[in-house]
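# Secondary and tertiary structure notes
Each chain, written out:
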Amino acid sequence: MLKDILDSIVSKFTEKEVENVYSAFDAYPVEKKGELFTVVGIGAFETAPSIYSQFTVYLPFKTEIEVNTTAKRDMSMVELYNYYCNNIEPVIMDMADMNCTVRKMAVRYDSNIQRLVMTVKFEATGMSKMERSTV
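This section reports on the structure supplied with the text. Note that the coordinates shown come from a computational prediction; the quantities given were computed from them, not determined experimentally. Residue indices begin from 1 for each chain and proceed along its sequence in written order. Local features in this predicted model are restricted to residues whose pLDDT is 70 or higher, and side-chain atom pairs enter the listing and the counts only when it is 80 or higher, whereas totals over whole chains, interfaces and linings include all residues. The side-chain numbers reported here are obtained from all heavy atoms of the structure, hydrogens and water having been left aside.

### Quick look at the pairing of strand 2 (residues 37-47)
- Bridge count for strand 1 (residues 21-23) against strand 2 is three bridges, and the pairing is parallel. Its bridge partner lying in strand 2, Tyr22 is registered against Val39.
- The pairing criterion is simple: DSSP has to find at least two bridges between the two strands. In this description a helix means any DSSP run of H or I spanning at least four residues, a strand means any run of E spanning at least two, and both kinds are numbered starting from the N terminus. Of the pairings in the sheet, the one linking strand 2 to strand 4 (residues 56-70) comprises nine bridges and is antiparallel in character. In the sheet register, Gly41 faces strand 4, and the bridge partner there is Glu66.

Structure (structure tokens):
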């Protein structure tokens with residue numbers, strides 16, 4: 001289920017033509033991700049009791065989505081924040097299948113790759129839908 005949520009988020013970025021967005025499960029090296037790239041991961045994950053209908057099972061969930069955007073080498077913090085505001089945040093906030101709220105935002109300098117990284121954590125709630133088996 002976690003991988004399905006991540007894949008769904010990454011595909012929403014692709015639909016909005018945001019480039020270089022990867023799942024936390026992707027094993028691509030940093031050098032191959034592009035100059036400016038975003039990695040989407042999942043932190044905490046909770047489910048509530050399932051809701052059953054005749055043909056479907058609904059599973060309410062609450063999770064923490066972590067979005068890490070790595071800047072180009074010469075990009076300032078203001079440019080990185082503007083990129084986030086114009087490209088990342090609208091996609092997250094426009095997801096129809098989840099309600100998202102920003103919980104934490106931080107920018108740090110990653111000395112290993114010599115670039116700024118913006119980390120934004122969202123609390124997201126939603127409902128996963130699965131077909132019931134008729135067997």
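That shown, we press on.
### Side note on the packing of aromatic side chains
- Within 6.5 Å between ring centres, the rings of Phe, Tyr and Trp (the latter by its six-membered ring) count as paired, and their orientation is classed by plane angle as stacked under 30 degrees, edge-to-face over 60, tilted in between. Within the structure shown, the criterion is met by three aromatic pairs.
- Ring centres 5.5 Å apart and planes at 65° place the aromatic pair Tyr22 and Tyr28 in the edge-to-face group.
- For Tyr22, a relative accessible area of 12% puts it in the buried group.
- Residues Phe45 and Phe61 carry aromatic rings whose centres are separated by 5.8 Å and whose planes lie at 20° to one another, so their mutual orientation is stacked. Taken together, the positions of Phe45 in strand 2 and Phe61 in strand 4 put the pair 16 residues apart, joining distant regions of the chain.
- Taking relative accessible area as the criterion, Phe61 reaches 8% and is therefore assigned buried.
- Think of it as a cone above the ring: NZ of Lys or CZ of Arg counts as a charge over the ring if it is within 6 Å of the ring centre and within 35 degrees of the ring normal. Lys33 extends its terminal NZ or CZ atom over the ring of Tyr22, reaching a point 5.3 Å from the ring centre. Using a 1.4 Å probe on the protein chains alone, a residue whose accessible area is under 20% of its type maximum counts as buried, one over 50% counts as exposed, and one in between counts as partly exposed.

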